[in-house]
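Structure at a glance
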Amino acid sequence: MRTTLITTAALALALALPLAAQADPFPDADHAAAKDMHDRLCIECHERRFSGEGGSAIYTRPDRRVTTPSALSQQLTTCTTMLNLDLFPEDEHHLAGYLNKLYYKFE
């Protein structure tokens, strides 16, 4: 009985690990709040520097620098710092989740 329970628990864990690997890298991101921040703080600069509708070329260009969830978070922190945007880490998290949903599709 004990061996069966341990085997069952190990099997359940083994099956759950791939699901965790595919989890949203930005859980609980508030996409509505992030869209508002993106519209107010990001689009003007991105359109001026990268073109595309709403400056979206920066997200969709073939040679983009952001290729992982971590790189996306780091890039948002860089923009926040360089442009003195005065965003909280939570705001950057919301923006990362929003951009991931729209453009990056990281899992």
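Residues numbered from 1 in each chain as written. Predicted model: local features only at pLDDT ≥ 70, side-chain atom pairs only at ≥ 80, totals over all residues. Heavy atoms only, no water.

1. Thoughts on the overall build of the protein
Across its full length, the protein carries 6 helices and 0 strands. Ordered by position in the sequence, the α and β elements of the protein form the string α-α-α-α-α-α. In the protein, which comprises 107 residues, the proportion classed as buried is 29%. With an accessible surface of roughly 7,500 Å², the protein has 59% of that area assigned to carbon and sulfur atoms. (Helix = DSSP H or I, 4+ residues; strand = E, 2+ residues; numbered from the N terminus. Buried < 20%, exposed > 50% of the residue type's maximum accessible area, 1.4 Å probe, protein only. Areas by Shrake-Rupley, 256 points an atom, 1.4 Å probe, with all protein chains shown as cover.)

2. Brief notes about unusual backbone geometry
A positive phi angle, near 50 degrees, is found at N84, a position not held by glycine. Of note, N84 is situated in the loop between α5 (69-82) and α6 (89-104). Residue N84 is classed as exposed on the basis of its relative accessible area of 67%.

3. Here's the deal with the pattern of salt bridges
Counted according to the given criterion, the structure contains 4 salt bridges. With a shortest N-O distance of 2.7 Å, K35 and D39 are connected by a salt bridge. Residue K35 and its partner D39 are located together in helix α2 (residues 31-41), separated by 4 residues, close to a single helical turn. D39 sits in the partly exposed class, given a relative accessible area of 35%. As a salt-bridge pair, D36 and R40 come within 3.1 Å of each other at their nearest N and O atoms. Highlighted residues: D36 and R40, both in helix α2, separated by 4 residues, approximately one helical turn. What makes D36 partly exposed here is its relative accessible area of 41%. Accessibility expressed as a relative area gives 54% for R40, which makes it exposed. (Salt bridge = Lys/Arg side-chain N within 4 Å of Asp/Glu carboxyl O.)

4. Here's the deal with the packing of aromatic side chains
Inspection of every chain in the model, using the stated rule, returns 3 aromatic pairs. On the basis of an interplanar angle of 25 degrees and a centroid distance of 4.5 Å, the ring pair of Y59 and Y103 is categorised as stacked. Linking Y59 in helix α4 (residues 57-60) with Y103 in helix α6, this pair joins segments that are 44 residues apart in sequence. Classification of Y59 as buried rests on a relative accessible area of 4%. By way of ring pairs, the aromatic residues Y59, Y103, Y104 and F106 are connected into one cluster. (Phe/Tyr/Trp six-rings, centres within 6.5 Å; stacked < 30°, edge-to-face > 60°.)

Shape descriptors only; they carry no functional weight alone.
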